[in-house]
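Listed below, chain by chain, are the residues.
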Amino acid sequence: MIYTFTALEDPATFVALDPDTGALPQALGFNNSVFWLDLNDSTSDHDGVAVIRTSDGYRYKTSGVYEFRSVLSTTVTDPPDEPSLGDRYIVPAGATGAWSSHQDDLAVFTPNGWKFQVPAIGQWVLDEEIGGFIAYTETGWTYGPGARSFDAGSIPFSAALGWGAKFEVENQTTTVPPTATKGLRYVVGAAATGDWLGNDQKIAICEVPGEWTFYAPQSGWSIYDKSQASSFTWNGSSWLSTAGSWIDRKMVQTISGNTTFVGTLNFYSYSATVPPVTAHRGLFDNTTLSFAAKRVGSILRFRYAADLAYTGSPSARAIHAIAIFRDNETNSMAWAAVSSVWAIATALAAADTAASPIVNVHCDYGFEIAATDTSEHSYRVFLTAIGSNVFDPYDPTALTRRTFSIEESA
């Protein structure tokens, strides 16, 4: 039977021979190793590593040093001149002296000199020199846990060191925590609630199903916002778009094209609060732009330019207007009075004695509107007519060299 010692017992004080029966234990268990009785050995010194000599002179020995838990180094090629008892190494290629011809073996220093163990495939040892584990495989010693030691998506960000911090997040606007599904990542939106309360602008990651872990961003961290299809970097106080102030842009340019003239006598009288509608008299430019905002609240900047003519009665005294319509909505979503160039042109036309003067002008105007949703919409421009009755309409005509663009802010 194997007689085992506790960690606090000293096997050198053990009396192996039973005085009543004359029996001897065939093996001793000590320090996670098995030492076998060697009745032919009467000279080896006790070291507690490779040899146990009992108090009555019996020698128990390991056939190797089986339970290597750690080594001092895997790179030392020359055996140390003054090793300490129990010093352990993995012998590298090119070793000299007592270590020559022992490449990859585990070497331990005992009172009987250097002893070696041939490693077994799958054996793990801590390399104290680097603070990491090394495993023995069919091709030799290999650092790290192996190719399939971790499940996909199982390593939390807190375990990373020196990886750089780049996250792919769903968006930066969510404030009500969604269901915590493993792998989901967000930048917490402003005034967040529930489990996200007090974590605005932090990165929320579901590392364990049903739980959120929050990371305060550090300067230089970056994200890829899937909802905006753009990257952002933390500057110490806010997330800034790496694409600049504007992250998307569309534009259409035509020399000429289809227009739709609304020819009723429902003239628009300019108001800062009442928008033009589709029933007002004027000209629709049918050159449209289709655009889907990447986030709610981003600024959409529109710009429209065209050459056109105004023809009609010189008695008109109203204000021209330009408006943007969305989809099939009746009311315009944004409108403005014409530029000073148009106003001057109108005044000159009014002074003309001709019955139907023609004034050629250039329109160039911009709008900024907050996106209300992320659906795709179609936008077109409307140029109002001027007048108050059938006798004095002053109509926009002959649209050419049109440019219509839209940009979305970061």
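These numbers come from a predicted model, not from an experiment.

**Observations regarding the sheet that holds strand E10 (residues 124-127)**
Taken in spatial order, the four strands line up as E6-E10-E11-E12 in an open sheet, and their pairing is mixed. Only two strands of the sheet have a single partner each, and these edge strands are strand E6 (70-71) and strand E12 (140-143). With two bridges connecting them, E6 and E10 associate as parallel partners. Counted as the bridge partner of Val71 is Asp127 from E10.

**Things to note about the pattern of salt bridges**
Here the structure, examined in full by the defined rule, presents ten salt bridges. The shortest N-O distance in the salt bridge between Lys61 and Asp41 comes to 3.2 Å. Of this pair, Lys61 sits in strand E5 (residues 59-61) while Asp41 sits in the loop between strand E3 (33-37) and strand E4 (51-53), placing them 20 residues apart in sequence. A residue is classified by how much of its surface remains accessible, and Lys61, at 25% relative accessible area, is partly exposed.

**Digging into the side chain of Ser405**
Structurally, Ser405 is set in strand E28 (residues 394-409). Dropping the residues within four chain positions of it, Ser405 is found in contact with Arg249, Lys250, Met251, Leu289, Arg301, Phe302 and Arg303.

**Concerning the side chain of Thr384**
Turning to its location among the elements, Thr384 is positioned in strand E27 (residues 376-384). A distance of 2.9 Å separates a polar side-chain atom of Thr384 from the backbone nitrogen of Ala321. Non-local contacts of Thr384, meaning those with residues more than four positions away in its chain, are made with Tyr268, Arg281, Gly282, Tyr310, His320, Ala321 and Pro396.

**What to know about the pairing of E3**
Of the pairings in the sheet, the one linking strand E2 (residues 27-30) to E3 comprises four bridges and is antiparallel in character. By the bridge assignment for E3, Phe30 is matched with Ser33. Once E2 ends, the chain turns through two residues before running back antiparallel as E3, passing Asn31 with a positive phi of about 55°. Here E3 pairs with E5 via two bridges, running antiparallel. Within E5, the position partnered with Trp36 by the bridge is Lys61.

**A look at the nonpolar core**
In summary, soluble globular proteins display a tendency toward joint burial of nonpolar side chains. Residues Leu300, Phe302, Tyr304, Phe367, Tyr379 and Leu383 are the most contacted members of the largest nonpolar core, which totals 28 residues. When residues of this core are traced back to their parent elements, those giving at least two are strand E22 (282-292), strand E23 (299-312), strand E24 (321-326), strand E25 (334-337), strand E26 (358-370), E27 and E28. Of the residues forming this core, the biggest block, six residues, is contributed by E23. Leave out the neighbours within four places in its chain, and Phe302 touches Ile324, Tyr365, Gly366, Phe367, Ile369, Tyr379, Phe404, Ser405 and Ile406. If you look at the next biggest cluster of nonpolar residues, it comprises twelve residues, including Val187, Ile203, Tyr215 and Ile223.

**Looking at the sheet that holds strand E7 (residues 88-90)**
An order of E7-E8-E9 is seen for the three strands of this open sheet, with the pairing classed as antiparallel. The sheet terminates laterally at E7 and strand E9 (113-117), the two strands that pair on one side only. This sheet shows a mean twist of 25° between the axes of neighbouring strands, independent of strand direction. Here E7 runs beside strand E8 (residues 106-110); their pairing, made up of three bridges, is antiparallel. Paired with Arg88 across the bridge in E8 is Val108.

Criteria and thresholds
Residues numbered from 1 in each chain as written. Predicted model: local features only at pLDDT ≥ 70, side-chain atom pairs only at ≥ 80, totals over all residues. Heavy atoms only, no water. Pairing = 2+ DSSP bridges. Helix = DSSP H or I, 4+ residues; strand = E, 2+ residues; numbered from the N terminus. Salt bridge = Lys/Arg side-chain N within 4 Å of Asp/Glu carboxyl O. Buried < 20%, exposed > 50% of the residue type's maximum accessible area, 1.4 Å probe, protein only. Contact = heavy atoms within 4.5 Å. Polar contact = N/O pair within 3.5 Å; in protein donor to acceptor, adjacent residues only side chain to side chain. Core = buried A, V, L, I, M, F, W, Y, C linked by side-chain atoms within 4.5 Å. Axes fitted to C-alpha atoms, helices over the stretch in contact; angles between N-to-C directions.

Keep in mind that these numbers describe shape and distance, not what the molecule does.
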